[in-house]
Amino acid sequence: MHTTSYVATVELTQFKNFSHANFSFSPEMNFITGPNGCGKTTLLDAVHYLSMTKSYFHAADQPLTQYGKNGFRLEGKWLLHDTEYHLTCVTKEGAKKEFRVNDISYTRLAEHIGRFPVVMIAPDDIQMITGGSEERRKWLDALISQLSSDYLMHLLAYQKILSQRNQLLRQWAEQPSPAIHDLLDAYDQQWTPHAEAIFEYRTQICAQLIPLTSQFYTFLSGHREHIQLQYQSQLHEKSMTTWLKDVRKEDLQARRSTAGIHKDDLQFLLNGYPVKIHGSQGQRKSFLLALKLAQYQLISKQKALTPILMLDDIFEKLDPRRIQLLLSIISMDSFGQVLITDADPDRLKAHLPGYPYSPNWIELIDPVDKPQA
Ligand SMILES: Nc1ncnc2c1ncn2[C@@H]1O[C@H](COP(=O)(O)OP(=O)(O)OP(=O)(O)O)[C@@H](O)[C@H]1O
């Protein structure tokens, strides 16, 4: 039996265009509409921030702080297993970010990740399909990190050693010394167990993710198209230890680490051809939706609770039939709270007759006293 995890209210202070605003949400479907630039995406990002301790769209906090201010505050009331949680985040220029749940701060922010799960789908996510392999690894890493703090720990350690190892290789190129081999041996000994653990996690997750994504895509295409996905990793061929021995010379020449799980990728095929090259815009978007819905189902299954699903302006380029099929998927019992933004309320209204719940509408207006840069 799944528990619904949902956000009941959020309060935003000095967060982008919101000087101060409160919002209440339904535990089921929420439609957020309003003209371009009124803050629909920002509202979803506030929910994401409270759930993941960071923005979905910006790596740093500074672009989120309202122009001319020196920090922002976000508060939210979450319901999880019928218990209320108050999440608060306060940022101030030059000070450490404060993050509290029911007035208790974390020693490490990473401890918060995965407690109040969310899945976001936004237009730029299409980069996962059309962009380089880093986009797909980032997505897979965020997914698995929500499921396992052990994975996140391995990933952070792996990345730290990768950057130190690359720095060492660059330094060696400037000042070669035979001591490099002992130093690399020491790094590699520490590095290998993290690589093997990450590979193991990715293999296990992909084994579940691949059939789920295929099912969602087949459904979204009205059973007319089929996809294939593949987890690609050098570690399928041989162990990390063997790779590191085999590429030592190459690493020294290239002045960077040429083998490891930072080279992994996911391959997406539609009817046997790379969707990145051959897929139409609607087909690529459907692929993205199928991946994210599979991500949702995985998190939901492993945590035995339904994450918050946020769809930011994703209907563009989808034909009405695919929109209807998508809405029918997310209105199934296996989905919990959904937050959808669209600048066009009529597009959402057009699909309401087939929708089982009466949604909560949040209509944002273009603020007259919009803060200026
Ligand atoms: N640091 C900031 N301080 C104040 N306002 C900001 C800041 N950064 C961005 N803005 C403004 O805040 C608004 C944020 O808009 P947001 O992207 O949330 O709108 P939206 O309703 O999703 O728009 P669209 O329909 O175009 O996607 C924009 O008007 C933007 O110019």
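Under an unreviewed UniProt entry, the protein chain has the name DNA replication and repair protein RecF and belongs to Thermoflavifilum thermophilum. For the record of the protein chain, the UniProt heading Function (unreviewed entry) holds the text "The RecF protein is involved in DNA metabolism; it is required for DNA replication and normal SOS inducibility. RecF binds preferentially to single-stranded, linear DNA. It also seems to bind ATP." In its Subcellular location (unreviewed entry) section, the UniProt record describing the protein chain reads: "Cytoplasm".

**Q** Can you explain the sheet that holds strand E7 (residues 98-101)? Please cite residues and give values.
**A** The six strands are arranged E3-E2-E5-E6-E7-E8 in an open sheet whose pairing can be described as antiparallel. Both edges of this open sheet fall to strand E3 (18-24) and strand E8 (104-105), since each of them pairs with a single strand only. When strand E5 (residues 71-80) meets strand E6 (residues 83-92), the two strands line up antiparallel, connected through 10 bridges. From the neighbouring strand, Leu79 faces E6, where its bridge partner is Glu84.

**Q** Give me the lowdown on the packing of helix H5 (residues 180-220) against helix H9 (residues 281-303), citing residues and values where you can.
**A** Viewed as axis vectors pointing N to C, H5 and H9 meet at an angle of 130°, and their least axial separation amounts to 8 Å. Viewed along their axes, H5 and H9 adopt a mutual orientation that is oblique. Once H5 is placed against H9, the crossing between them reads as right-handed. Of the residues assigned to the contact of H5 with H9, the class counts are 13 nonpolar, seven polar and one charged.

**Q** Outline H5, supporting the account with residue identities and numerical values.
**A** The largest bend in H5 is about 30°, located at Trp191, with the proline Pro193 one to four residues further on. Positioned one or two residues after H5, Gly222 has a phi angle of 65°, which is positive.

**Q** Kindly report on the nonpolar core, identifying the contributing residues and their values.
**A** Of all hydrophobic cores here, the largest spans 71 residues; its most connected members are Phe287, Leu309, Leu326, Ile330 and Ile340. In terms of residue count, the dominant contributor to this core is H5 (13 residues). A domain-level breakdown of this core finds at least three residues from each of domain 1 (1-117 + 305-372) and domain 2 (131-304). Aside from chain neighbours lying at most four places away, what touches Ile340 is Met29, Asn30, Phe31, Ile32, Leu311, Phe315, Leu327, Ile330 and Leu348.

**Q** Got a sec to walk through the pattern of salt bridges? Specific residues and values, please.
**A** On inspection of all chains with the given rule, the structure shows 16 salt bridges. Among the salt bridges present, the one from Arg202 reaches Asp141, with a minimum N-O distance of 2.9 Å. Of this pair, Arg202 sits in helix H5 while Asp141 sits in helix H3 (residues 133-147), and the two are 61 residues apart along the sequence. One exposure class covers both Arg202 and Asp141, and it is buried. Notably, a salt bridge pairs Asp246 with Lys238, separated by 2.9 Å at the nearest N-O pair. Here Asp246 falls in the partly exposed class, since its relative accessible area comes to 45%. Ionic contacts of the salt-bridge type, sharing partners, join the residues Arg165, Asp185, Asp188, Arg248 and Asp251 into one network.

**Q** Any chance you could break down the packing of H3 against H5 for me, citing the residues and the numbers?
**A** Interhelical geometry of H3 versus H5 gives an angle of 95° and a closest axis separation of 11 Å. On the basis of the axis angle, H3 is roughly perpendicular to H5. Taking contact as the criterion, the partners of Arg137, Trp139, Leu140, Asp141, Leu143, Ile144 and Leu147 in H3 are, on H5, Tyr201, Arg202, Ile205, Cys206 and Leu209. The residue makeup of the contact of H3 with H5, split by class, is nine nonpolar, no polar and three charged.

**Q** Help me get a handle on the domain arrangement of the protein chain, residues and values and all.
**A** A common way to express how large an interface is: the accessible area buried when the components associate. According to the domain assignment, the protein chain contains domain 1 (1-117 + 305-372) and domain 2 (131-304). Taken together, the contact between domain 1 and domain 2 spans 29 residues of the former and 26 residues of the latter. The tally of links from domain 1 across to domain 2 stands at one salt bridge. Across the domain 1-domain 2 interface, the total number found is 11 residue pairs in polar contact (both at pLDDT 80 or more). Secondary structure elements with two or more residues in the side of domain 1 that touches domain 2: strand E13 (305-306), strand E14 (308-312) and helix H10 (320-330). The greatest single-element share of the side of domain 1 that touches domain 2, amounting to seven residues, is contributed by H10. Here the residues of the side of domain 1 that touches domain 2 are counted per class, giving 17 nonpolar, seven polar and five charged.

**Q** Report on the packing of aromatic side chains, specifying residues and quantitative values.
**A** Under the counting rule described, the total for this entry stands at 15 aromatic pairs. Ring plane angle 85° and centroid distance 5.2 Å describe the contact between Tyr56 and Phe57, whose orientation is recorded as edge-to-face. Three or more aromatic residues joined by ring pairs make a cluster, and in this case those are Phe15, Tyr49 and Phe72. Its guanidinium or amino end placed over the ring of Trp361, Lys349 lies 5.5 Å from that ring's centre, counting from NZ or CZ.

What counts as what
Residues numbered from 1 in each chain as written. Predicted model: local features only at pLDDT ≥ 70, side-chain atom pairs only at ≥ 80, totals over all residues. Heavy atoms only, no water. UniProt positions renumbered as here; feature names shortened; annotations may be inferred. Pairing = 2+ DSSP bridges. Helix = DSSP H or I, 4+ residues; strand = E, 2+ residues; numbered from the N terminus. Axes fitted to C-alpha atoms, helices over the stretch in contact; angles between N-to-C directions. Parallel < 35°, antiparallel > 145°, perpendicular 65-115°, else oblique. Left-handed = near helix turned anticlockwise from the far one by under 90°. Nonpolar A, V, L, I, M, F, W, Y, C, P; charged D, E, K, R; others polar. Bend = angle between axes of the 7 residues up to and from the residue. Core = buried A, V, L, I, M, F, W, Y, C linked by side-chain atoms within 4.5 Å. Buried < 20%, exposed > 50% of the residue type's maximum accessible area, 1.4 Å probe, protein only. Domains from an automatic or database assignment. Contact = heavy atoms within 4.5 Å. Salt bridge = Lys/Arg side-chain N within 4 Å of Asp/Glu carboxyl O. Polar contact = N/O pair within 3.5 Å; in protein donor to acceptor, adjacent residues only side chain to side chain. Phe/Tyr/Trp six-rings, centres within 6.5 Å; stacked < 30°, edge-to-face > 60°. Lys NZ or Arg CZ within 6 Å of the ring centre and 35° of its normal.

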